[in-house]
Amino acid sequence: QKEVEQNSGPLSVPEGAIASLNCTYSDRGSQSFFWYRQYSGKSPELIMSIYSNGDKEDGRFTAQLNKASQYVSLLIRDSQPSDSATYLCAVNPYSSNTGKLIFGQGTTLQVKP
Amino acid sequence: EAQVTQNPRYLITVTGKKLTVTCSQNMNHEYMSWYRQDPGLGLRQIYYSMNVEVTDKGDVPEGYKVSRKEKRNFPLILESPSPNQTSLYFCASRRVGRQHYGYTFGSGTRLTVV
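None of these values were measured; they are calculated from a predicted model.

**Topic: the sheet that holds strand β1 (residues 4–7) of chain B**
Residues and elements named next belong to chain B.
- Read across the sheet, four strands follow the order β1-β3-β8-β7 without closing on themselves; strand pairing throughout is antiparallel. For this open sheet the edge positions go to β1 and β7 (65–66), each flanked by a neighbour on one side alone.
- Where β1 meets strand β3 (residues 19–25), four bridges bridge the pair, whose relative direction is antiparallel. Bridged to Asn7 within β3 is Thr22.

Structure below.
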């Protein structure tokens, strides 16, 4: 079992719709969770972090964490063509704060005008 | 501007010829890390460092060396590169804190070993 799993997609949504991206992780001791966006040929860019169960909203983005189910999701409201990118879920897999950060393989999102 | 700077951006080299990819950050971050990204395999952590002279292996350390003699610099060394080290490499840094704050990434180095 991979430590961090994402559906590779592509996930295709029409402009203005809600895009829902999902991620599961295997280490129950994980405490820190992140969503990165990566445009083709560019470096990953941190867009959301979440540490507690529940929802965290930042503009059009909402991160959701359910530690009991070992599940993290990212919702993008009012999706725009400029949101088309690969979204990477990342998890610090230990209960202690270390330098380790494990990434899923990413989900490709396509927002169609 | 706060940033992580890697050099070179592109590098083509031959098997066995030692090379160093430099990484520098100007944010006074304690933690630094190297990742490689390959199609179908995603981003995989090579090494990370939690402070000067403190380094630890990530998931794919074989064939790589790192050093952290200064807080701002974290070079990646390939003593004897092989074709399977052809990849896109990213350096990253983050500040220390009670929680893991997530890494800020450099622009990447595309390495080809022939």
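**Some thoughts on the nonpolar core**
- Counting 24 residues, the largest nonpolar core has Trp35(A), Val72(A), Leu74(A), Ile76(A) and Tyr87(A) as the members making the most contacts within it.
- At the level of secondary structure, the elements contributing two or more residues to this core comprise β3 (19–25), β4 (32–38), β5 (45–50), β7 (61–66), β8 (71–76), β9 (85–92) and β11 (107–112) of chain A.
- Apart from residues no more than four positions distant in its own chain, Ile76(A) is found in contact with Ala17(A), Ile18(A), Ala19(A), Leu21(A), Arg60(A), Phe61(A), Asp83(A), Tyr87(A) and Leu109(A).
- Val21(B), Ile46(B), Cys91(B) and Leu111(B) belong to the second-largest nonpolar core, a separate cluster that totals 18 residues.

**Some thoughts on the pairing of strand β6 (residues 54–57) of chain B**
Residues and elements named next belong to chain B.
- Sheet analysis places strand β5 (residues 42–51) next to β6, joined by four bridges and oriented antiparallel. By the bridge assignment, Ser49 is partnered in β6 with Thr55.
- Hairpin remark: β5 followed by β6, antiparallel, with two residues in the connecting loop; positive phi at Glu53, about 65°.

**Here we look at the environment of Val60(B)**
- The topology assignment puts Val60(B) in the loop between β6 and β7.
- Separated by 14 residues in the primary sequence, Val60(B) and Ile46(B) place their C-alpha atoms 4.9 Å from one another.

Thresholds applied
Residues numbered from 1 in each chain as written. Chains lettered and ligands numbered in written order. Predicted model: local features only at pLDDT ≥ 70, side-chain atom pairs only at ≥ 80, totals over all residues. Heavy atoms only, no water. Pairing = 2+ DSSP bridges. Helix = DSSP H or I, 4+ residues; strand = E, 2+ residues; numbered from the N terminus. Core = buried A, V, L, I, M, F, W, Y, C linked by side-chain atoms within 4.5 Å. Buried < 20%, exposed > 50% of the residue type's maximum accessible area, 1.4 Å probe, protein only. Contact = heavy atoms within 4.5 Å.

It is worth stressing that arrangement in space is one thing and function is another; only the former is reported here.
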